[in-house]
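Given next are the chains, with one letter for each unit.
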Amino acid sequence: MSGDGWGKSGWTPEPEYASDREDILSEFYLRALSEAVAYDRITGFFASSALALYWEALPEFMDRGGKIRILCSPRITEKDAQGIERGYEARDDNSLTAVLRAEFDALLATDQLRKPALALAALISERLLDIRLARVASASLDDRRMFHDKVGLFTDADGQRIGFRGSLNETRFGIASNGNVESFDAWTSWTGRNDSIRVQRSTERFEKLWAGKSDGVEVLALPAPFRHWLETQADGVDWRELAAEITVGTEPDLVIRTAPDGRPLREQQIAGLNEWERQGKRGILAHATGSGKTVTGITAIVGHEGPALVVAPSRLVARQWKEQIEDTGRRVHLCGDGESAWKTRLHNWLTQPASERVVVALAPTAAQRPFVNQASRAKDLLFVGDEVHRLGAASYQKILEIDAAARLGLSATPERAGDPEGTSAILDYFGGVIHRYTLRDALKAGALCNYLYYPQLVRLSPQEQEQWDELSKKIGRLVAQSHNSPGGATSSQRERIRTLTMQRARIAKKAAGKTPLARSVVTKSYKPGQRWLVYCDDKGQMQDIADSLRTAGIDAYEYFSDMPGDKVATLRHFDENGGVIVSIKCLDEGVDIPNADHALILASSRNPREFIQRRGRVLRKVEGKSLATVYDAILQPETLEEASGMSLLQGELARAGNFARDALNSDARDPLERLVVGLGGDLEALYKFLGSGEEADN
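Every value quoted in this text rests on a predicted model; they were computed, and no experiment measured them. (Residues numbered from 1 in each chain as written. Predicted model: local features only at pLDDT ≥ 70, side-chain atom pairs only at ≥ 80, totals over all residues. Heavy atoms only, no water.)

**Student:** What should I look at first to understand the overall build of the protein in this one?
**Tutor:** What the protein contains, in helices and strands, is 27 helices and 21 strands. Relative to its 698 residues, the protein shows a buried fraction of 56%. Surface accessibility of the protein: about 29600 Å² in total, with carbon and sulfur atoms responsible for 46%. (Helix = DSSP H or I, 4+ residues; strand = E, 2+ residues; numbered from the N terminus. Buried < 20%, exposed > 50% of the residue type's maximum accessible area, 1.4 Å probe, protein only. Areas by Shrake-Rupley, 256 points an atom, 1.4 Å probe, with all protein chains shown as cover.)

Encoded structure:
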């Protein structure tokens, strides 16, 4: 070892760096790499987008014989983690290979990240870059512990070393000048005894970790099948040429093109966030279920320079937001669900920098006047409304009085069916829908899995049919009276029509024939290991169907918002073992159960939001799932001669037409055609109606 300073330049880094004061990329990273022959890194997260930042230094670094070793946490779902737990020591772990391939495929599928991904594959294939994965030994999934250490070591040709430790991950958000607010300490092997000791101890610890000999940490090299697959991707790739192209080609939007953990954003997320920025950080993203709305919202929060407030529709969804935001390193304060400290501390929380704190509130809590008043006093507040259509309800509209500087609404279906006033309140507050990404768009893009659709015909009982007809006559008389009135319908007439229509809809939703239908469909089609969701109208119907399925030997269990027991444990059991969840509305919004592969919809709904969300819930894509199946209970009238029969059929066909239109199977409409023909209806009118996929007015 010779010399006092770094390489030939003699540079000595500052003892501490902060991204709000220095450009850590140019003033630290690139200077260290410019004369290094080795770079060893321990990081919570790693992303190829980070390499793109210092491509310009890599060719010379490699020419000097440079090697990079990175030890990081795998970014994986709970199910993936469980699969890896069962065989973590196996180098050829198929579960981990599948996870890594899926993530790398996402990089290759994103235009702005394809070149960095291919160059990454080439560097790994040529053994210039080595990556190993680490996790806390025997960590349970509940405590969410992870390997999250962050240390780096550079070595030059003379054996001198620079070490650093701080908050930043090896991702673009961690390193870029317009990324996160980060800070770290730096020390060297030549600037005194204490610094030299820190370098030595950090070096010894890295080598011990890398060899898998550190207590409490399990380390796994990239599985052999994944390495082999990477080599096929890198075949014929010249990483030096790609590095030159990436360095020359400016990509100004790349920071917002990756999520805070370094994962590539999908095209609809990029387009939505870009449009939101162009609209002055105002607007609603109408993005389909399963399109990554939560990640989009968190990316907006990380990029915002003021405090942030998220309003969620339920306690389970709120906790999902809390956990995912905490993964970015932010402290999250939950309001509601038993957490009441906000009553005295909300204003203080919302005056903290966004890089430190985020508030997540349940909608009923956020609608309270003291909450609205405190939140309105926050300067430069970003308000994110999840399932934003909920905020148009009369009981929640107080939330729309929060005077937020930036506003982002998220929903697959922001318009409220049958509630133009509530819809207008939402659109006016957030600035309208600025970007749409429909379920059809998601299917075409491969963001959701394809599905088969099978309508299941069921009749009303004679008593139910009689009640339906009687209510239809009353509704018809009231509508006729209102049309004949010079001033149109009075408020009392409108309310009476609404009440009678709701009573009639309840007959369809609770039809007694749906319980034997559910038993028939599930017992004939269910296979062990499959994951079915059965949507019911209310607790009575849910319990009847669950009991009927269990009597038939089907592993069925109920799921509802105020259920006794552990809802999270119920979903985990479902995810691990399969079975049938019989549920009501609480699964509609935000619950993440991507492994569900079958759905049976019994709760007939004319509300597009409900049936679109229920279909989207089972279409979420996950490794190993390429196809979903949807069964739908369609009520058939006795005749089309009466207006009541047509009103029943049209309500059912509105939903069925929407489902059948995008289904993979060409015979999805066959039962509907046979039904209409059997009732003496007009097939041409049916085709026109089904083609619209929209609901007609009664």
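**Student:** Mind showing me how you'd approach the pattern of salt bridges here?
**Tutor:** Think of it this way: side chains of opposite charge can pair up when their charged atoms draw near. Tallying each qualifying case throughout the model produces 23 salt bridges. A salt bridge links Arg240 to Asp63, with the shortest nitrogen-to-oxygen separation between them at 2.8 Å. Of this pair, Arg240 sits in helix H10 (residues 239–248) while Asp63 sits in helix H3 (residues 58–63); the two residues are 177 residues apart in sequence, bridging distant segments of the chain. On the basis of relative accessible area, Asp63 is assigned to the exposed category, the value being 55%. Measuring nitrogen to oxygen at the nearest pair gives 3.7 Å for the salt bridge that ties Asp337 to Arg315. Here Asp337, found in the loop between strand E11 (331–335) and helix H14 (342–349), pairs with Arg315, found in helix H13 (residues 315–326); they are 22 residues apart in sequence, far enough to count as distant. What makes Asp337 partly exposed here is its relative accessible area of 25%. Among the residues examined, Arg315 registers a relative accessible area of 46% and is labelled partly exposed. Among the ionic contacts, a cluster of salt bridges with common partners joins Arg506, Lys510, Asp537 and Asp538. (Salt bridge = Lys/Arg side-chain N within 4 Å of Asp/Glu carboxyl O.)

**Student:** Honestly, the environment of Leu443 in this entry has me stumped. Any pointers?
**Tutor:** One can find Leu443 in helix H18 (residues 439–445). Spatially, the C-alpha atoms of Leu443 and Ala663 are 9.8 Å apart, while their sequence positions differ by 220 residues.

**Student:** Whenever I open this one, the packing of aromatic side chains confuses me. Can you help?
**Tutor:** Within a pair of aromatic rings, the relevant descriptors are the distance that separates the centres and the angle that separates the planes. Inspection of every chain in the model, using the stated rule, returns 24 aromatic pairs. Judged by centre distance (6.4 Å) and plane angle (70 degrees), the ring pair of Tyr526 and Trp532 falls under edge-to-face. For Trp532, a relative accessible area of 0% gives the class buried. Connected via pairs of aromatic rings, a cluster forms that spans Trp11, Tyr17, Phe28, Tyr29, Tyr39, Phe154, Phe164 and Phe184. Of note, Arg69 hangs over the ring of Trp210, and the distance from its end group to the ring centre comes to 5.4 Å. Positioned over the ring face of Tyr429 is Arg407, at 4.0 Å from the centre of the ring. (Phe/Tyr/Trp six-rings, centres within 6.5 Å; stacked < 30°, edge-to-face > 60°. Lys NZ or Arg CZ within 6 Å of the ring centre and 35° of its normal.)

**Student:** Explanation requested: the packing of helix H11 (residues 267–278) against helix H12 (residues 293–303) in the structure shown.
**Tutor:** Two numbers describe a pair of packed helices, the interaxial angle and the distance between the axes. Where H11 contacts H12, the axes come no closer than 10 Å and their chain directions differ by 40 degrees. It follows from the interaxial angle that H11 and H12 lie oblique. Classified by chirality, the crossing of H12 by H11 is right-handed. Residues Gln269, Leu273 and Trp276 of H11 pack against Val295, Thr296, Thr299 and Ala300 of H12. (Axes fitted to C-alpha atoms, helices over the stretch in contact; angles between N-to-C directions. Parallel < 35°, antiparallel > 145°, perpendicular 65-115°, else oblique. Left-handed = near helix turned anticlockwise from the far one by under 90°. Contact = heavy atoms within 4.5 Å.)

**Student:** I keep staring at unusual backbone geometry and nothing clicks. Help me out?
**Tutor:** A negative phi angle characterises most non-glycine residues, just as the trans form characterises most peptide bonds. If you check the backbone angles, Lys281 has positive phi at about 60 degrees while not being a glycine. Mapped onto the fold, Lys281 is located in the loop between H11 and strand E9 (282–287). With a phi angle near 55 degrees, Asp380 is a residue other than glycine that sits in the positive phi range. The exposure class assigned to Asp380 is partly exposed, which follows from its relative accessible area of 43%.

**Student:** Hey, could you run me through the nonpolar core in this one?
**Tutor:** If you look at soluble globular proteins, the nonpolar side chains tend to sit buried side by side. Membership of the largest hydrophobic core comes to 72 residues, with the highest contact counts inside it found for Tyr453, Val580, Val582 and Leu602. Per-element accounting of this core gives the leading share, 6 residues, to strand E21 (residues 627–636). Beyond its immediate sequence surroundings of up to four residues, Tyr453 is in contact with Val630, Asp632, Ile634, Ala656, Phe659, Ala660, Ala663, Asn665 and Ala668. By size, the runner-up hydrophobic cluster in this structure holds 56 residues, among which are Trp11, Phe28, Tyr54 and Ile175. (Core = buried A, V, L, I, M, F, W, Y, C linked by side-chain atoms within 4.5 Å.)

**Student:** I tried to follow helix H9 (residues 224–234) on my own but got confused; where do I start?
**Tutor:** Because the α-helix completes a turn every 3.6 residues, residues three or four places apart line up on one side. Regarding H9, the residues found buried are Phe226, Arg227, Trp229, Leu230 and Ala234. Down the axis of H9, the buried side of the element spans an arc of 160 degrees, and every buried residue falls inside it. Where H9 terminates, the next one or two residues include Gly236, which has phi positive at roughly 80 degrees. (Arc of directions from axis to C-beta.)

**Student:** What should I look at first to understand the sheet that holds strand E2 (residues 36–43) in this one?
**Tutor:** Strand pairing in a sheet relies on backbone hydrogen bonds. The paired strands run either parallel or antiparallel. Read from one edge to the other, the open sheet built from 8 strands follows the order E1-E7-E6-E5-E2-E3-E4-E8, with strand pairing classed as mixed. Two strands bound the open sheet, and with one partner strand each, they are strand E1 (16–18) and strand E8 (217–221). With strand direction ignored, the average angle separating the axes of adjacent strands in the sheet is 20 degrees. The sheet contact formed by strand E4 (residues 129–136) and E8 spans 5 bridges and is antiparallel. Bridging across to E8, Arg132 finds its partner in Ala221. Where helix H8 (residues 193–210) meets the sheet, its contacts fall on E2, strand E3 (67–72), E4, strand E5 (151–156), strand E6 (161–166), strand E7 (183–188) and E8, and the angle it forms with E7 comes to roughly 105 degrees. (Pairing = 2+ DSSP bridges.)

**Student:** Please clarify how the sheet that holds strand E14 (residues 406–411) should be interpreted in this entry.
**Tutor:** If you trace the 7 strands from one edge of the open sheet to the other, you get E11-E12-E10-E13-E14-E9-E15, paired in parallel fashion. On the outer flanks of this sheet lie E11 and strand E15 (433–437), each paired with one strand and no other. Sheet twist, expressed as the average angle between the axes of neighbouring strands with direction ignored, equals 15 degrees. As paired strands, strand E13 (residues 382–386) and E14 are joined by 5 bridges and run parallel to one another. Bridge pairing in E14 places Gly385 opposite Gly409.

**Student:** It is not clear to me how the pairing of E9 should be interpreted in this structure. Could you clarify?
**Tutor:** A regular strand places its side chains so that they alternate between the two faces of the sheet. Burial runs high along E9: 5 of the 6 residues are buried. Two strands pair when backbone bridges link them, and E9 and E14 are joined in this way by 5 bridges, in the parallel orientation. Residue pairing across strands places Leu285 opposite Leu410, the latter belonging to E14. Examined bridge by bridge, E9 and E15 share 4 bridges and lie parallel to one another. Considered in E15, the bridge of His287 is made with Tyr437.

**Student:** What should I look at first to understand the packing of helix H21 (residues 514–525) against helix H22 (residues 539–551) in this one?
**Tutor:** Where H21 contacts H22, the axes come no closer than 9 Å and their chain directions differ by 40 degrees. For the crossing formed where H21 meets H22, the hand is right-handed. Along its contact with H21, which presents Lys514, Thr515, Ala518, Arg519 and Val522, the element H22 presents Gln541, Asp544, Ile545, Ser548, Leu549 and Thr551. For the contact of H21 with H22, a count of residues per class yields 4 nonpolar, 4 polar and 3 charged. (Nonpolar A, V, L, I, M, F, W, Y, C, P; charged D, E, K, R; others polar.)

**Student:** Looking at this model, I keep getting lost on the side chain of Thr365. Mind explaining?
**Tutor:** Structurally, the position occupied by Thr365 is in helix H15 (residues 363–366). The contacts of Thr365, once residues within four sequence positions are left out, are Cys335, Gly336, Trp342 and Phe371.

**Student:** Help me out: how do you make sense of the environment of Gly553 in this one?
**Tutor:** Secondary-structure assignment places Gly553 in the loop between H22 and strand E18 (556–559). Taking C-alpha positions, Gly553 is 8.5 Å from Thr523, a pair spaced 30 residues apart along the chain.

**Student:** What exactly am I supposed to notice about a positive patch on the surface here?
**Tutor:** Together, Lys473, Lys474, Arg477 and Arg496 make up a positively charged patch on the protein surface. Counting residues per element, the positive patch draws most heavily on helix H19 (residues 462–484), at 3 residues. Relative to the elements of secondary structure, Arg477 occurs in helix H19. (Patch = residues over 30% accessible without salt bridge, like charges linked within 9 Å, V, L, I, M, F, W, Y side chains within 5 Å. Lys, Arg positive; Asp, Glu negative; His and termini not counted. Charge placed at Lys NZ, Arg CZ, Asp CG, Glu CD.)

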